[in-house]
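Residue strings, one per chain:
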Amino acid sequence: MNARTRVSGEGELAYQPSGSVLESLEETEAYTEQDSQKGSMPHKGLAKMLQSCTAQNTGMAGGIRAGSRTTAARRANIRKLAILGVLVIFAAILYMTIGVKFANPKLFRYSMKIRTPKLAAMLITAFAIGSASIVFQSIINNTIVTPCLLGMNSLYTLIHTAVVFVFGTASFIMTKSNLAFGIDLVLMGITATIIYSYLFKKTGHNVLYVLLVGTVLSSFFSSIQSTLTRVMDPNEYDTLLATLVASFNNINTEIIVFSVIVLAALAFLFRKDLALLDVITLGKNQAINLGVDYDSCIRRLLLCVTLYIAVATAMVGPISFLGLIIANLARQLLKTYRHSELIIGSTLFGMLVLVAGQLVVERVFVYSVPVSVFITLWGGIYFLYLILKNSRK
């Protein structure tokens, strides 16, 4: 039996037989069975040799079948992602064109001026929350926990309120949106990395303890933020309140370009850590045995997650259950361990949910209800469903 071994494009070892391994396997098994029945096996050594060849062929055939199944699964996932991408493009086209007066150039330019920043903010938010949720679930090794459920949104609103409380809305820092946004990101990154890395270390990544402590932290951050707003100047509070309510009708358009730069820079800086996510999901001991500096990698990934959540929250406000919905939908649809596919799927689901949801809010409910209300409502129901489903297992 001649078979050559090649290295696939992904670095995986795969067999490339010169003939048909499966046919050879069947012939060998048939020959062995016939001779055994006739009692004409010439020598015990030959029998062992044939059995050895049969075992080798069986292993090769099993590897080929497994490789074929893996390739077929990847192709199926690519088709699913392509369909999701087409749906996102279709929803974006509908959002940008429905109700637009194309015959009037002034009204057309006005409509595009209003809708383009909204669409950009929705796409950026979906990418930030979708990516952060998948990475965070891999860090904590649980699929029903997201950064928002652990109070990261509340932490950002507390930091932003504290910055406004200390400097005031009329200060030089607050009048420069990008500067204020940068200060929020630095404080958020340092605080969240210290708090949550210590939390994960002390709880041993136990999901029940993490959820419990996360709920307490969320209430704690909200209480401090509420205290600051009560003693704040009413005019400054009125200005602050507009940035703390999740709404795509009140987007901070001044930080869109800066947000894209920050997200791209973070993805580039942490690209090596992101490439290790497939290994990290195997568990701490297995990852360490494979040469991963586990604790340092987890801290860097956690910093990346907190900054991604901060970018999304700064742009449109806190959206609690969006990450939970889109991350788990991506996992259920794709059924793969590859984080490159999961992140793309989660991002596309987020874009579809936000764009289609905002289209329904504007055209059906006529801006009477923000899209975050629907996401929170259905996200809470979906969260209970996931908990009940996991408890049955």
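Residues numbered from 1 in each chain as written. Predicted model: local features only at pLDDT ≥ 70, side-chain atom pairs only at ≥ 80, totals over all residues. Heavy atoms only, no water.

**Student:** Could you give me a rundown of the overall build of the protein chain, with the residues and numbers involved?
**Tutor:** Within the protein chain, the regular secondary structure consists of 16 helices and two strands. Within the protein chain, the fraction of its 393 residues that count as buried is 44%. Taking the contacts inside the protein chain whose residues are at least 6 apart along the sequence as the reference set, 74% of them involve residues at least 24 apart. Accessible area of the protein chain: about 20800 Å², with a carbon and sulfur share of 64%. (Helix = DSSP H or I, 4+ residues; strand = E, 2+ residues; numbered from the N terminus. Buried < 20%, exposed > 50% of the residue type's maximum accessible area, 1.4 Å probe, protein only. Contact = heavy atoms within 4.5 Å. Areas by Shrake-Rupley, 256 points an atom, 1.4 Å probe, with all protein chains shown as cover.)

**Student:** Describe empty space enclosed by the protein, naming the residues involved and giving the relevant values.
**Tutor:** The gaps left among the atoms become clear once a water-sized probe is rolled over them. This structure, assessed with the given rule, holds one cavity of 30 Å³ or more. The computed volume of the largest cavity comes to approximately 30 Å³. If you go around the largest cavity, the residues you meet are Ile-129, Cys-148, Asn-153, Ile-309, Ala-312, Thr-313, Gly-317, Pro-318 and Ile-319. Among the elements that take part in the lining of the largest cavity, helix α13 (residues 294–316) stands out by supplying three residues, more than any other. Grouping the constituent residues of the lining of the largest cavity by class yields six nonpolar, three polar and no charged. (1 Å grid on protein atoms, 1.4 Å probe; cavity = no way out; pocket = protein on both sides within 12 Å on 5 of 7 lines; lining within 4 Å. Points joined across faces, edges and corners; volume = space filled by probe spheres on them. Nonpolar A, V, L, I, M, F, W, Y, C, P; charged D, E, K, R; others polar.)

**Student:** Talk me through the nonpolar core; I want residue IDs and the actual numbers.
**Tutor:** One finds Phe-136, Met-152, Tyr-196, Phe-200, Phe-248 and Val-305 to be the most contacted residues of the largest nonpolar core, which totals 102 residues. No other element matches α13, which puts 16 residues into this core. (Core = buried A, V, L, I, M, F, W, Y, C linked by side-chain atoms within 4.5 Å.)

**Student:** Give me the lowdown on the packing of aromatic side chains, citing residues and values where you can.
**Tutor:** Taken as a whole and assessed by the stated rule, the structure comprises seven aromatic pairs. Ring geometry for Phe-365 and Phe-374: centres 5.1 Å apart, planes at 45 degrees, overall tilted. A relative accessible area of 33% places Phe-365 in the partly exposed class. Since its relative accessible area comes to 26%, Phe-374 is described here as partly exposed. On the basis of an interplanar angle of 20 degrees and a centroid distance of 6.0 Å, the ring pair of Tyr-382 and Tyr-385 is categorised as stacked. Of this pair, Tyr-382 and Tyr-385 both sit in helix α16 (residues 371–392), separated by three residues, roughly a single helical turn. A relative accessible area of 14% places Tyr-382 in the buried class. According to the relative accessible area criterion, Tyr-385 is partly exposed, its value standing at 42%. The ring of Phe-268 carries the charged tip of Arg-271 above its face, separated from the ring centre by 4.2 Å. (Phe/Tyr/Trp six-rings, centres within 6.5 Å; stacked < 30°, edge-to-face > 60°. Lys NZ or Arg CZ within 6 Å of the ring centre and 35° of its normal.)

**Student:** I'd love a proper account of the pattern of salt bridges, names of residues and values included.
**Tutor:** A side chain of one charge can pair with a side chain of the opposite charge if their charged atoms are brought near each other. Under the definition given, this model contains four salt bridges. Residue Arg-74 pairs with Glu-341 through a salt bridge whose shortest N-O separation is 3.2 Å. Within this pair, whereas Arg-74 is found in helix α2 (residues 44–97), its partner Glu-341 is found in helix α15 (residues 339–363), the two being separated by 267 residues in sequence. Taking the relative accessible area as the measure of exposure, Glu-341 reaches 5% and is therefore buried. Between Arg-300 and Asp-273 there is a salt bridge, and its shortest N-O distance comes to 3.0 Å. Within this pair, whereas Arg-300 is found in helix α13, its partner Asp-273 is found in helix α10 (residues 271–274), the two being separated by 27 residues in sequence. Judged by its relative accessible area of 7%, Asp-273 falls in the buried class. (Salt bridge = Lys/Arg side-chain N within 4 Å of Asp/Glu carboxyl O.)

**Student:** I'd love a proper account of helix α14 (residues 322–334), names of residues and values included.
**Tutor:** Taking 1.5 Å of rise per residue, 13 residues should cover 18 Å, and α14 covers 18 Å from first to last C-alpha, within 8% of that figure. Leu-322, Gly-323, Leu-324, Ile-325, Ile-326, Ala-327, Asn-328, Ala-330 and Leu-334 are the residues of α14 that are buried. (Expected span 1.5 Å × (residues − 1).)

**Student:** Give a description of the confidence of the model for the protein chain that names residues and reports values.
**Tutor:** Close inspection of predicted coordinates is inappropriate in any region flagged by low pLDDT. Overall, the predicted model of the protein chain reaches an average pLDDT of 80, with 81% of residues at or above 70. Here residues 1–29 is modelled with pLDDT under 50, and outside its nearest four sequence neighbours on either side it reaches 44 contacts, counting other chains as well. (pLDDT = per-residue confidence, 0-100.)

**Student:** Break down the environment of Thr-229 for me, citing the residues and quoting the values.
**Tutor:** Along the chain, Thr-229 falls in helix α7 (residues 207–230). Measuring from C-alpha to C-alpha, the distance between Thr-229 and Phe-165 comes to 8.0 Å, with 64 residues separating the pair along the chain. Ignoring any residue separated from it by four or fewer positions in sequence, one finds Thr-229 in contact with Thr-161, Tyr-237 and Leu-240.

**Student:** A description of a nonpolar patch on the surface should follow, citing residues and the corresponding values.
**Tutor:** Where nonpolar side chains cluster on the molecular surface, the patch consists of Phe-165, Val-166, Phe-167 and Val-231 and spans about 390 Å² of accessible area. Its location among the elements puts Val-166 in helix α4 (residues 152–167). (Patch = residues over 30% accessible without salt bridge, like charges linked within 9 Å, V, L, I, M, F, W, Y side chains within 5 Å.)

**Student:** Before we move on, could you go through the side chain of Arg-115 and cite the residues and values that matter?
**Tutor:** For Arg-115, the position within the fold is in helix α3 (residues 105–140). Of the buried charged residues, Arg-115 lacks a salt bridge, with Glu-362 as the closest side chain of opposite charge at 5.4 Å. Discounting residues that sit within four places of it in the chain, Arg-115 has contacts with Tyr-95, Met-96, Thr-97, Ile-98, Gly-99, Val-100 and Arg-363. (Lys, Arg positive; Asp, Glu negative; His and termini not counted.)

**Student:** Residue-level account of unusual backbone geometry, with values.
**Tutor:** Backbone geometry at Asn-141 places phi at a positive 60 degrees, although glycine is not the residue there. As for its placement among the helices and strands, Asn-141 is situated in the loop between α3 and α4. A positive phi angle, near 50 degrees, is found at Lys-335, a position not held by glycine. By the element assignment, Lys-335 lies in the loop between α14 and α15.

**Student:** With reference to specific residues and values, describe the packing of α15 against α16.
**Tutor:** Relative to each other, α15 and α16 sit at 120 degrees, their axes nearing to 9 Å. Judged by the inter-axis angle, α15 sits oblique to α16. The two elements α15 and α16 meet at a crossing, and its hand is right-handed. Between α15, through Val-353, Leu-354, Gly-357, Gln-358 and Val-361, and α16, the contact on the second element is made entirely by Val-371, Phe-374 and Ile-375. In the contact of α15 with α16, the residues fall into six nonpolar, two polar and no charged. (Axes fitted to C-alpha atoms, helices over the stretch in contact; angles between N-to-C directions. Parallel < 35°, antiparallel > 145°, perpendicular 65-115°, else oblique. Left-handed = near helix turned anticlockwise from the far one by under 90°.)

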